[in-house]
Amino acid sequence: MGHVPRTQVSSNPIIAFFQYVWSSLITAAKGLRVTGYNAWLRERVTVAYPKQELDLSLRTRAKHRVLVDDTGDPICIACGQCQRICPDHCILVTRKKVTVTTPEGEEKQVNRPDEFVIDLARCMYCNLCAEVCPVDCLHLTRDFKYSSGDVHTMRIELEGLLRPEPLSEYEANQTDGADDEGGEE
Amino acid sequence: MQGHAEPVHHEEMLINMGPQHPSTHGVLRLLLRLRGEVIESARFVIGYLHRCHEQLTEQNGWIRAMPLPDRLDYLSPITSEWAMALAAERLAQVEVPERAEWLRVLSSELYRIASHLVFVGTFAMDVGATTMFLYTFRERELLLDIFEKLSGQRMTCHYIRVGGVGWDLPSGLDAEIRRVLKTVESRLPEYDDVFTNNRVARARIEGVGTMSAERCRAFGASGPVARASGVDFDLRRDAPYGVYDKLDFDVVTGERGDCLDRLTCRTMEIRESIKLCRQALDGLPEGDIRTKLPARFKTPEGVAYGAVEGGRGECGYFAIGDGGEAPYRLKIRSGCFSNLHLIEKALAGWKLADVVAILGSIDIVLGDVDR
Amino acid sequence: MEERGWLESLVNGLVQPLYDAVPWIVHLVPLLWILVLVAVSVLILIWAERKVSADIQSRVGPLHHGPIGVFQSVWDALKLLTKEDTIPRQADRLVFCIAPFIAFVPAVLVYVVIPFGKGWIAADLNVGLWYLLSVGSLGVVGVIVAGWASNNKWSLLGGMRAAAQLITYEIPMFLSVVVVIMMAGTLSMDDIVRNQAGGRWSLAPPETPFAGWYCFTIPGLIASVLYLVAALAEVNRQPFDLPEAESELVSGFNTEYSGMRFAIFFLAEFSNTALVAGIAATIFFGGWSSPIVSEGEGIWQIFGDGIVWYFVKITALIYGMMWVKWTLPRVRIDQMLQVAWKGLIPLALINVAIAVAHVAWVGP
């Protein structure tokens, strides 16, 4: 089965002794060649994180983000689907009725989130909430710099979820005009 | 603890290895009865990482529990996900699109490479070659980068869903996967030079911890551990799921079942997986990646067993449906759990230094053992 | 001239009266130099160990304290000094506390007979090599009692392994040093270096400055390889780092040590590393003698014999030891003993016979 060959040793103890000595030296030299090559000729892979940052993938799932419409209001309709599907029970949405003026000028009652809280300390970033959102307003973005010494600060209110940067994959595809391939349900 | 309740003779030493020990791969606890450096008998204690996964799934339901298998065998999460999705799909008779099947093969084989790389590195570190650990993790990092681009997370991917996969292959990733596979393939001979063929390493692993095929069968061992002992059993070939029946690959088996065989089985499987990944990339059909499930996905009454060849043996999910959103009962069959039971007999008579080598060669993940 | 006047007044006013009052104080000067040298070289070695391992493992190593992280080990030392001093409740307190010093003192004392350069030797004992090997082997006592006194099973196993290993590997080490003693005909370290000035049969081209080094004779070459292998075991480095095998024994004999006492064990270990490299450089590789030109003229003077060459040689040897450490796996305890009893000692005995023939045939 194409295995690594096993060690073959002579039955003569004297020859076997020198075989052991010789194979020890040779195989150690082979190993030293590889490690020496790595030490002198191959480039380092460490990224000195705070000074140098990696380019994260567009699909990286970190802090949530709620999209807003032109007037700056969240387009969330407070349907509560994300709250229901969340395996960690970390989303809390309550509903309120607000009156908005449509572009046609008529006034309309719509559902808007009254309270929208995500407890990031409990979240496991599974993306289920973003996938069930019927109006595509909840997304997971690449913003991962929210670690904190106080677990209560990880409870993010709606204002904290409206930050514009960085974009999620969904929005990046929207702005690029590229075909909408990810993040859809 | 029978056998360890007996008084310790004064030449003997009862020593507690773990749960906080650098090389028990997590929170395994071993009770070793030593005479000098020689193991008289060994018992293991598990359960320090029990997280009620079965119960969580029974309460949360299929869809909400799909991210959880990632947390079981966290070094090879895709295969656990696939097993769970397979159980749900077989129970509810969900059709999976062709492209999704191919993507599942691709992603699980990629993660199998990553998982075996971790094995090679940690095993080498148990035997003392710290540098190998860094080398294999360096290559694994390339694979995790692929998963970050594919699914958004490096380890807890949540990639395979009931009825398909979560995301399609983004543009440009095809070429990158091929490049990474080439890199990994070119580094495998280096591992042989640094570790596998080294005289000192051979002295530590060749002929150590042999397990017969009969014992492996008797203990229900599977995966590379059983194959290294000569048990010619691989679910990918013997109970094909996904599109493995359309792919060309060899099942690697060993002869003697010692640590060297268990190591080479995995390094050969890395090569086989590279082959499979290339075939999956070549044969990837166009089409849908996910079947649209109803908003409240329910499984009918009945039983189903979804099993895949995981990185560490047969990973199976046995589900009993009762018509609700969640299975009435879910039983997780973990490869590590069965394989771990081999060590009590395998350890007796070997030296203390061999404990870490034998334990390392079985390659357990305590998250999968305790579930 | 002004500076000389200032120095003269200092010598006349302070040093001379002190010397008149306690004449033995002059012996403290080389000891002070040795202590400073050991402390500084250990700090550099710890940093170098981390940098070399990082190089080999495709990492970058310490970066932030000083240029390319050279002050990292200074900060590490400060951290260890400020740590809480813990003694396990069931430990043998007295033995636990003095064990690090039993390990450390011999590691420093042996430097007395190492010739760093021409005349740079604290005490040119006529039994220098003998003193060196006998005092150097006392360090193992500290390791054993540390393992015993910690009252921890892992520490005990580490201590027992250390005892078996260090005592076993002294035999091939002695036997390879004996070869040099036979060829040099002296035990004085300084004379051994001077005897390597050349003018005898050598594997190296004749008339080169390094032709006389003992590593270029057949028994000397074999002895140097055997010595370096045994030295790896003597200083607990891979592939023989069993006493503190991290993946097996947690941390071996120093599992229960923290803070200052752990730092002293560390100091002793790295001081021993520099020491075995120094001995190898001195007795096999010509000590402070230069491989380029022994008595240079003009610009060539800087390449002549001197203290620099000693440090160049031990740097090269230590780099080699680190390279080996970060490449090879660890042997098992029985294999470790096999390597010594079935491998190194027979080879060393054969080599002694070769050396007898060599000395009889070629002359010392």
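Conventions we followed
- Residues numbered from 1 in each chain as written.
- Chains lettered and ligands numbered in written order.
- Predicted model: local features only at pLDDT ≥ 70, side-chain atom pairs only at ≥ 80, totals over all residues.
- Heavy atoms only, no water.
- Helix = DSSP H or I, 4+ residues; strand = E, 2+ residues; numbered from the N terminus.
- Buried < 20%, exposed > 50% of the residue type's maximum accessible area, 1.4 Å probe, protein only.
- Contact = heavy atoms within 4.5 Å.
- Rg over C-alpha atoms; globule rule 2.2 N^0.38 Å.
- Areas by Shrake-Rupley, 256 points an atom, 1.4 Å probe, with all protein chains shown as cover.
- Lys, Arg positive; Asp, Glu negative; His and termini not counted.
- Charge placed at Lys NZ, Arg CZ, Asp CG, Glu CD.
- Buried area = accessible area lost by both parts, 1.4 Å probe.
- Salt bridge = Lys/Arg side-chain N within 4 Å of Asp/Glu carboxyl O.
- Polar contact = N/O pair within 3.5 Å; in protein donor to acceptor, adjacent residues only side chain to side chain.
- Domains from an automatic or database assignment.
- pLDDT = per-residue confidence, 0-100.
- Pairing = 2+ DSSP bridges.
- Expected span 1.5 Å × (residues − 1).
- Bend = angle between axes of the 7 residues up to and from the residue.
- Nonpolar A, V, L, I, M, F, W, Y, C, P; charged D, E, K, R; others polar.
- Phe/Tyr/Trp six-rings, centres within 6.5 Å; stacked < 30°, edge-to-face > 60°.
- Lys NZ or Arg CZ within 6 Å of the ring centre and 35° of its normal.

Draft legend 1. A look at the overall build of chain A. Summing up its helical and strand segments, chain A has 4 helices and 5 strands in all. Burial statistics for chain A: of 185 residues in total, 40% are counted as buried. The contacts in chain A between residues at least 6 apart in sequence include a share of 64% that link residues at least 24 apart.

Draft legend 2. Just the overall build of chain C, in detail. Across its full length, chain C carries 13 helices and 0 strands. Along chain C, helices and strands appear, N-terminal first, in the series α-α-α-α-α-α-α-α-α-α-α-α-α. Against the 2.2 N^0.38 benchmark of 21 Å for 364 residues, chain C shows a C-alpha radius of gyration of 22 Å, consistent with a compact globule. With the principal axes as the frame, chain C shows a C-alpha extent of 60 × 60 × 45 Å. Evaluated residue by residue, chain C yields a buried proportion of 51% over its 364 residues. Counted over contacts in chain C with a minimum sequence separation of 6, partners at least 24 positions apart contribute 73%. Looking at chain C as shown, the accessible area adds up to about 16400 Å², and 71% of this sits on carbon and sulfur atoms. Averaged over its 20 positive side-chain charges, chain C has a centre that lies 10 Å from the centre of its 26 negative ones.

Draft legend 3. Main features of the interface of chain B and chain C. If you look at the interface, chain B gives 35 residues, while chain C gives 25 residues. Summing both sides of the interface, chain B and chain C together bury roughly 2500 Å²; the carbon and sulfur share of this comes to 61%. In terms of surface lost to chain C, no three residues of chain B exceed Glu37, Thr131 and Val200 of chain B, which account for 18% of the buried area on that side. In this assembly, chain B and chain C are joined by 3 salt bridges. Its salt-bridge partner being lysine 351 of chain B, residue aspartate 334 of chain C comes within 3.8 Å of it at the nearest N-O pair. Our count for the contact surface shared by chain B and chain C stands at 10 residue pairs in polar contact (both at pLDDT 80 or more).

Draft legend 4. Highlighting the domain arrangement of chain A. Domains assigned within chain A are domain 1 (9-41) and domain 2 (64-176). Here the C-alpha centre of domain 2 of chain A lies 62 Å away from the C-alpha centre of domain 1 of chain A.

Draft legend 5. Seen up close, the confidence of the model for chain A. Residues at a pLDDT of 70 or more form 85% of chain A, whose mean pLDDT is 78. For residues 177-185 of chain A, every residue scores under 50 in pLDDT, and the model assigns this stretch 17 contacts once sequence neighbours within four places are set aside.

Draft legend 6. Fine view of the sheet that holds strand β2 (residues 91-101) of chain A. All names here are of chain A. One open sheet accounts for 3 strands, arranged β2-β3-β5; its pairing is antiparallel. Two strands bound the open sheet, and with one partner strand each, they are β2 and β5 (155-156). By the bridge criterion, 11 bridges tie β2 to strand β3 (residues 107-119) in an arrangement that is antiparallel. Each bridged residue has a counterpart across the sheet, and for threonine 101 the counterpart in β3 is glutamate 107.

Draft legend 7. Up close: helix α6 (residues 173-196) of chain B. Here α6 of chain B is 24 residues long and its end C-alpha atoms lie 32 Å apart, about the 34 Å a rise of 1.5 Å per residue gives. Approximately 25° is the largest bend angle found in α6 of chain B, and it occurs at glutamate 190 of chain B.

Draft legend 8. Representation of the interface of chain B and chain A. If you look at the interface, chain B gives 49 residues, while chain A gives 41 residues. Both sides of the chain B and chain A interface together cover about 3700 Å² of buried area, and 47% of this is carbon and sulfur. In this assembly, chain B and chain A are joined by 4 salt bridges. Glutamate 131 of chain A is the salt-bridge partner of arginine 290 of chain B, the closest N and O atoms lying 3.4 Å from each other. Put simply, chain B and chain A have 20 residue pairs in polar contact (both at pLDDT 80 or more) between them. Counting residues per element, the ones that place at least two in the side of chain B that touches chain A are α2 (62-65), α5 (130-151), α6, α7 (199-205) and α11 (259-283) of chain B. When residues of the side of chain B that touches chain A are assigned to their parent elements, the largest contribution, 7 residues, is made by α5 of chain B. Classifying every residue of the side of chain B that touches chain A gives 15 nonpolar, 14 polar and 20 charged.

Draft legend 9. Structural detail: unusual backbone geometry. Phi at aspartate 136 of chain A is positive, roughly 55°, even though this residue is not glycine. By the element assignment, aspartate 136 of chain A lies in the loop between α3 (128-132) and β4 (138-140). Its relative accessible area of 23% is what places aspartate 136 of chain A among the partly exposed residues. Notably, isoleucine 68 of chain C is not glycine yet its phi reads approximately 35°, a positive angle.

Draft legend 10. Broad picture of the packing of aromatic side chains. Taken as a whole and judged by the stated rule, the model has 21 aromatic pairs over all chains. Aromatic pair tyrosine 241 of chain B and tyrosine 244 of chain B: ring centres 5.2 Å apart, planes at 70°, arrangement edge-to-face. Of the two residues, tyrosine 241 of chain B and tyrosine 244 of chain B, neither departs from the other in class, the shared state being buried. With centroids separated by 6.5 Å and ring planes inclined at 70°, the aromatic side chains of phenylalanine 284 of chain C and phenylalanine 285 of chain C adopt a geometry described as edge-to-face. These aromatic residues form a ring-pair network of at least three members: Trp82, Tyr241, Tyr244 and Phe249 of chain B. For arginine 140 of chain B, the ring lying beneath its charged end belongs to phenylalanine 137 of chain B, and the centroid distance is 5.3 Å.

Draft legend 11. Local environment of the pattern of salt bridges. Residue and element names in this part refer to chain B. Taken as a whole, this structure holds 48 salt bridges over all chains when the rule is applied. Between aspartate 168 and arginine 99 there is a salt bridge, with its nearest N and O atoms 3.0 Å apart. With aspartate 168 in the loop between β5 (164-165) and α6 and arginine 99 in helix α4 (residues 98-127), the pair connects residues that are 69 residues apart, well separated along the chain. The exposure classification of aspartate 168 matches that of arginine 99, with both residues buried. For arginine 178, the salt bridge is made with aspartate 174, and the minimal N-O distance between the two is 3.0 Å. Of this pair, arginine 178 and aspartate 174 both sit in helix α6, 4 residues apart, which is roughly one turn of the helix. Using a relative accessible area of 30% as the deciding quantity, one classes arginine 178 as partly exposed. Here the residues in one salt-bridge network are Glu109, Arg112, Arg227, Asp234, Arg236, Glu269 and Glu309, joined through shared partners.

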